[in-house]
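Architecture at a glance
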Amino acid sequence: MVKGADAATLRGFYERWYRPENMALVAVGDVDEATLRQLTEKYFGDIAATDGGFTRPQLAAPMPTAPVAKVLRDDEAPGTISLLVYSLPAVGYTNLQSLRERLQYTLYAALLNQRFAELSEDPESPFLFASASYSPLVRSVDNFMLQGVAKDGSAEATLRALAIEANRAAQHGFTAQEIERAKKSILNNVERSAKEADKKESSALVSRYQSHFLGQGYGMDEATTLAIYTELLPNISVADIQRAGQKMIQHERSASFFLAPPNVTGIPEETETFQLLAEVAAMELTPKEEEQLADRLLAELPEAGKISATNYHEELDVKALTFENGARVFYKQTDFKNDEIVFRVLGKGGISLTAAEDHYSAISAGVLINTMGVGDFDPTQLKKVLAWQKSQRNAEYRTLQSGYRRVF
């Protein structure tokens, strides 16, 4: 909410460009309702309605009936991106059924993202990163998009890899373990958002209300969203997900794009791209095999240490524990976030303790450790085990200290 001259300027903008009967004013901030109502009435209450009705134009985009392929060159493109886009009739935001359908598409994208993440760990992968996403394009058309950031000279191979995984999912679907991980991951994000609802930035609330007013959002609060997702997600079956994929991934409604700098060569043109996609569509692909993993990082928990001393630092409101092995622990409860615990382990020494010939290896140690797995789990397996948890881990190697940071 704005006051004084700023509010007057905003009022003038609305009077000039908008019809009041089709206008919404969103005010969010640390202000009581009575004051907010008073300010709104003062600066906007006397704006008269305009004569005549107003109909918002509906610009319908035609649904594609044949695939297209394009090569796009951009001087500012930082790299080469391969895209495979499928258009489908818009679901909209009308009722619980439309929310369930959108959730199926979102779940399908999450499942493909799990597979892309696993493929990106392979040194032979043609792409550095790949993702799947479902989103509105215009009011009448939604998009399901697969995109990959290609390694040098691998634009064609990246598009092939994207198409293969899309067709593998279409032919064989997803495993029960994959679906369970994706559901838990989505629900965990919604639960965390609900727990942090009172910490949400005002700008996020404005965006929600704006989206709702323009007809492109449900406008639900976090508690309602959590309640609905908790009811809907468990009841989305393997068959539901399979049908969602069949609706989205249809060759005649596909568009293939390569975005690259002008000097990049080896990118296939339209005819070659169509041939590539036809070859992939004719492939008999093998289903994804799911390995059985333990559900915990440690098979056996270590024996707990014993506390030898307890202290309290009143000026900092910090409690300190000293263990019998000499390690010290400082902890403090905060209310900055409602769903977060941060651990940081520090030790003196760091890179300064390494020999001169090991200096460059020590500098890279933190990065290398952060890209590795933990215990008996490699990086891919670790992501699967922790897929539905809020978990960040960072090893730290600095000049005079080393340590580890964990957020969950």
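For the structure given in this document, a descriptive report is provided here. (Residues numbered from 1 in each chain as written. Predicted model: local features only at pLDDT ≥ 70, side-chain atom pairs only at ≥ 80, totals over all residues. Heavy atoms only, no water.)

On to the pairing of strand β11 (residues 401–407), then. The pairing of strand β9 (residues 342–348) with β11 spans seven bridges and is antiparallel. When the sheet's bridge partners are listed, Val342 is paired in β11 with Val407. Bridging between strand β10 (residues 392–397) and β11 involves six bridges; their strand directions are antiparallel. Within the sheet, the bridge partner assigned to Tyr397 lies in β11 and is Ser402. Where β10 hands over to β11, the hairpin turn is made up of three residues, counted between the paired strands. (Pairing = 2+ DSSP bridges. Helix = DSSP H or I, 4+ residues; strand = E, 2+ residues; numbered from the N terminus.)

With that out of the way, let us pick up the pattern of salt bridges. For the structure on display, the rule yields 13 salt bridges. Linking Arg100 and Asp240 is a salt bridge whose minimum nitrogen-to-oxygen distance equals 3.0 Å. Of the two residues, Arg100 is situated in helix α3 (residues 96–120) and Asp240 in helix α8 (residues 238–248); the sequence distance between them amounts to 140 residues. Residue Asp240 is classed as buried on the basis of its relative accessible area of 10%. Residues Arg243 and Asp240 are paired through a salt bridge, measuring 2.5 Å at the closest nitrogen-oxygen approach. (Salt bridge = Lys/Arg side-chain N within 4 Å of Asp/Glu carboxyl O. Buried < 20%, exposed > 50% of the residue type's maximum accessible area, 1.4 Å probe, protein only.)

For the rest of this paragraph, the subject is the nonpolar core. Judged by nonpolar contacts, the single largest core of 49 residues is most densely connected at Tyr108, Leu112, Phe144 and Leu146. No other element matches the nine residues that α3 contributes to this core. (Core = buried A, V, L, I, M, F, W, Y, C linked by side-chain atoms within 4.5 Å.)

Our focus in this paragraph is the packing of helix α5 (residues 176–195) against helix α7 (residues 222–232). Their axes nearest at 8 Å, the elements α5 and α7 cross at an angle of 155°. Relative to α7, the element α5 lies roughly antiparallel. The handedness of the crossing between α5 and α7 is left-handed. Here Ile186, Leu187, Val190, Glu191, Ser193 and Ala194 of α5 come into contact with α7, specifically with Glu222, Thr225, Leu226, Tyr229 and Thr230. In terms of residue class, the contact of α5 with α7 is made up of six nonpolar, three polar and two charged. (Axes fitted to C-alpha atoms, helices over the stretch in contact; angles between N-to-C directions. Parallel < 35°, antiparallel > 145°, perpendicular 65-115°, else oblique. Left-handed = near helix turned anticlockwise from the far one by under 90°. Contact = heavy atoms within 4.5 Å. Nonpolar A, V, L, I, M, F, W, Y, C, P; charged D, E, K, R; others polar.)

Now for the packing of aromatic side chains. Each aromatic ring pair is specified by the distance between its two centres and by the angle formed by the two planes. Enumeration over the complete set of coordinates arrives at four aromatic pairs. Arranged with centres 6.0 Å apart and planes meeting at 75°, the rings of Tyr108 and Phe144 form a pair that is edge-to-face. With Tyr108 in helix α3 and Phe144 in strand β4 (residues 141–150), the pair connects residues that are 36 residues apart, well separated along the chain. Measuring from ring centre to ring centre gives 5.1 Å for Tyr108 and Phe174, while their planes differ by 85°; the resulting arrangement is edge-to-face. A residue pair is termed long-range when its members are at least 10 positions apart, and Tyr108 in helix α3 and Phe174 in the loop between α4 (155–172) and α5 qualify at 66 residues. The pair Tyr108 / Phe174 is uniform in exposure class, with both members buried. (Phe/Tyr/Trp six-rings, centres within 6.5 Å; stacked < 30°, edge-to-face > 60°.)

This paragraph deals with empty space enclosed by the protein. Evaluation of the coordinates by the stated rule reveals one cavity of 30 Å³ or more. In this model, the largest cavity occupies a volume close to 40 Å³. Taken together, the residues of the lining of the largest cavity sort by class into three nonpolar, five polar and one charged. (1 Å grid on protein atoms, 1.4 Å probe; cavity = no way out; pocket = protein on both sides within 12 Å on 5 of 7 lines; lining within 4 Å. Points joined across faces, edges and corners; volume = space filled by probe spheres on them.)

The next thing to look at is the sheet that holds strand β3 (residues 127–138). One open sheet holds the five strands; their spatial order is β1-β5-β2-β4-β3, and the pairing between them is mixed. A strand with exactly one partner marks an edge of an open sheet, and here the two such strands are β1 (68–73) and β3. Ignoring strand direction, the axes of neighbouring strands in this sheet form an average angle of 15°. Each of β2 (81–89), β3 and β4 touches α3; the most contacted strand, β3, lies at about 165° to it. Here helix α9 (residues 270–281) sits on the sheet in contact with β1, β2 and β5 (254–260), set at roughly 130° to β1.

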